[in-house]
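Reading the structure
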Amino acid sequence: MTKPIILLDCDQCVLNYNKRVGDIFQELFGYKPPVKNPTAYKAVNIYDFSMLTTEENAFFKQYASGSNMWDKMEPMQGAKEMIDQISQENDVIIFTGMNPEYKHVREKNLRDLEMNIKGVVAVANSRDFNAKEAYAREANAKFFIDDLLQYFVGLQDIKTELVLLDHGYTDGANNEEQRKNIFVNHTVTSLEQVVKLVC
């Protein structure tokens, strides 16, 4: 019997992207970067990198852009438990905006963490359009869960229930204009609420 599909974003929904950025900084420079805004979305707004020279900053960005970035991410608190529960009656597909070249690295990271997922779909991000729209339309999923409103643009007419995992970002992500103009069916603020909604 075919199970319903859940499309689930990865960064800041399942895996802790921003902590990995801080960990890479510590690996390279021997200390943790100072935190200036813990509720920001972008790592560059969370951490203070102003002490780096131009050369150090370039090296840091290069080191953090390849497989080093994707192979050792830690799970968000409660993420494995969430997936264990929602995957009992559903097929969970990790739906991630990233360079597809590193999709296999991300999937290995998730498998190593024993995440009970059906697979990984990776799409290259774009500033010009919603990179997740096409597959979200094709998948015929029951739920599509993401922490960024921008990935729901253009999807207001599909049957899939759109779920914003709202972390309350304070650096412009999910701003008031987006909240007014981008449709979602549900807004939740924790992984526990995701479980209650899906199950």
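For the structure itself, consult the block above.
It is worth spelling out the overall build of the protein chain at this point. Scanning the protein chain from N- to C-terminus turns up 9 helices and 6 strands. For the protein chain, the C-alpha radius of gyration of 17 Å lies close to 16 Å, the compact-globule estimate for 199 residues. Reported as C-alpha extents along the three principal axes, the dimensions of the protein chain are approximately 55 × 40 × 30 Å. In the protein chain, which comprises 199 residues, the share counted as buried stands at 47%. For the protein chain, long-range pairs separated by at least 24 residues make up 67% of all intrachain contacts whose partners lie at least 6 apart in sequence.

What follows deals with the packing of aromatic side chains. Counted according to the given criterion, the structure contains 13 aromatic pairs. Note on Phe95 and Tyr135: the rings are 5.3 Å apart at their centroids and 55 degrees apart in plane angle, and the pair reads as tilted. One end of the pair, Phe95, is in strand β2 (residues 91–97); the other, Tyr135, is in helix α7 (residues 133–139), and 40 residues separate them in sequence. By relative accessible area, Phe95 is classed as buried at 0%. With relative accessibility at 23%, the residue Tyr135 sits in the partly exposed group.

Procedures and definitions
The residue numbers shown here count from 1 along each chain, following its written sequence. Totals for whole chains, interfaces and linings use all residues, but because this is a predicted model, local features are given only for residues with pLDDT of at least 70 and pairs of side-chain atoms are given and counted only at 80 or more. Side-chain calculation: all heavy atoms of the structure are included, whereas hydrogens and water are not. For the purposes of this entry, the term helix denotes a DSSP run of H or I that reaches at least four residues, the term strand denotes a run of E that reaches at least two, and both are numbered from the N terminus. Each radius of gyration reported is based on C-alpha atoms, and the globular scaling rule is 2.2 Å times the count of residues to the power 0.38. Residue burial is assigned from relative accessible area. The probe radius is 1.4 Å, only protein chains are included, and a residue is buried under 20% of its type maximum, exposed over 50%, and partly exposed in between. Only heavy atoms matter for contacts: two residues are in contact if any of them lie within 4.5 Å across the pair. Any two of the Phe, Tyr and Trp rings considered here, Trp counted by its six-membered ring, make a pair once their centres fall within 6.5 Å; the pair's planes then place it as stacked at under 30 degrees, edge-to-face at over 60, or tilted in between.

Fair warning: the whole summary comes from geometry, so function is off the table for now.
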